[in-house]
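Given next are the chains, with one letter for each unit.
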Amino acid sequence: MKIGILTAMESEYKQFVSLQSEGLKDRNIVVRKCGIGKVNAAVTTFDFIKQENPDIIFSTGVAGGCGEDIEIMDVVFAESVSYHDVWCGKPNAKGQIQGLPEEFFAPKEIVSSIKQLNIPNVKFGKTVSGDWFVDTVEKMREIKNNFPDALAVDMESAAIAQVCHIMQIPFISLRIISDIPLKENNHQQYKDFWKNIAENSFETAKQIILSI
């Protein structure tokens, strides 16, 4: 199986290039940085699929946490992803692009196999995406009110999932929680994540990739 890994930022990309050289040598893996935001993610995903022809796409990196039991360093495995900043009018659901599914789902068989690993810090649920770096309690509460089952908020997963849906490529989103905007000292949480604990968090993502 050829696995395509997409990250948004250089810091995330470096983590996975390092893992690739150290612990994923025997796997057919290609890694690419797409840049931040939905348009960058969509354009890169389309080009990535055309050039590399992967069997599955992993969107991975960091995200803000918004679940009640979510902690920094948890890994959210998205069973589904949606946009939090899309509204096409009724009868479409919030987050739904007209003519496309309300949400995009990870392959059920992969979700089931990862659940059987019983990795302690992996949470399963919904990730929502939008062109907004969520750094305030008010914005995160708004998103949580509209998507009460969301566990993580990022800026790329839904756009990557939409392209994969159109091109009929299986898609998975893994997001490591770097900060929790609904808690105090959110900015410091994000700085401390990259300074102190990012490497251990990405090891969990590696474990998941190796199980596919």
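The present account deals with the structure reproduced in this document. Worth saying up front: this structure is predicted, and the values here are computed from it rather than measured.

Assignment of secondary structure puts Thr7 in strand β1 (residues 2-7). A relative accessible area of 0% places Thr7 in the buried class. Reaching out from Thr7, the side chain makes a polar contact with the backbone nitrogen of Tyr13 at a distance of 3.5 Å.

In this section: the environment of Ala159. Tracing the chain through its elements places Ala159 in helix α5 (residues 157-167). The buried category is assigned to Ala159, whose relative accessible area is 3%. In sequence terms Ala159 and Ala42 are 117 residues apart; their C-alpha atoms lie 5.5 Å from each other. Other than its neighbours up to four places away in sequence, Ala159 contacts Lys38, Ala41, Ala42 and Tyr83.

Further remarks concern the pairing of strand β8 (residues 171-179). Along β8, 9 of the 9 residues are buried, which leaves the element largely enclosed by surrounding structure. Both strand β3 (residues 56-65) and β8 contribute to a ladder of 8 bridges, which runs parallel. Residue pairing across strands places Ala63 opposite Ile177, the latter belonging to β8. Looking at chain direction, strand β4 (residues 75-83) and β8 are connected through 3 bridges and run antiparallel. Within β8, the position partnered with Val76 by the bridge is Arg175.

The next thing to look at is the packing of aromatic side chains. Using the criterion set out here, one finds 1 aromatic pair in the structure. The ring of Phe124 carries the charged tip of Lys115 above its face, separated from the ring centre by 5.4 Å. Across from the ring centre of Trp132, 4.0 Å away, lies the NZ or CZ of Lys139, which sits over that ring.

Take the packing of helix α2 (residues 38-52) against α5 next. The geometry of α2 relative to α5 is characterised by a closest axis approach of 8 Å and an angle of 35 degrees between their N-to-C directions. Here α2 runs over α5; the crossing is right-handed. Judged by residue contacts, Lys38, Ala41, Ala42, Thr45, Phe46, Ile49 and Lys50 of α2 engage Ala159, Ile160, Val163, Cys164 and Met167 from α5.

Conventions we followed
Residues numbered from 1 in each chain as written. Predicted model: local features only at pLDDT ≥ 70, side-chain atom pairs only at ≥ 80, totals over all residues. Heavy atoms only, no water. Helix = DSSP H or I, 4+ residues; strand = E, 2+ residues; numbered from the N terminus. Buried < 20%, exposed > 50% of the residue type's maximum accessible area, 1.4 Å probe, protein only. Polar contact = N/O pair within 3.5 Å; in protein donor to acceptor, adjacent residues only side chain to side chain. Contact = heavy atoms within 4.5 Å. Pairing = 2+ DSSP bridges. Phe/Tyr/Trp six-rings, centres within 6.5 Å; stacked < 30°, edge-to-face > 60°. Lys NZ or Arg CZ within 6 Å of the ring centre and 35° of its normal. Axes fitted to C-alpha atoms, helices over the stretch in contact; angles between N-to-C directions. Left-handed = near helix turned anticlockwise from the far one by under 90°.

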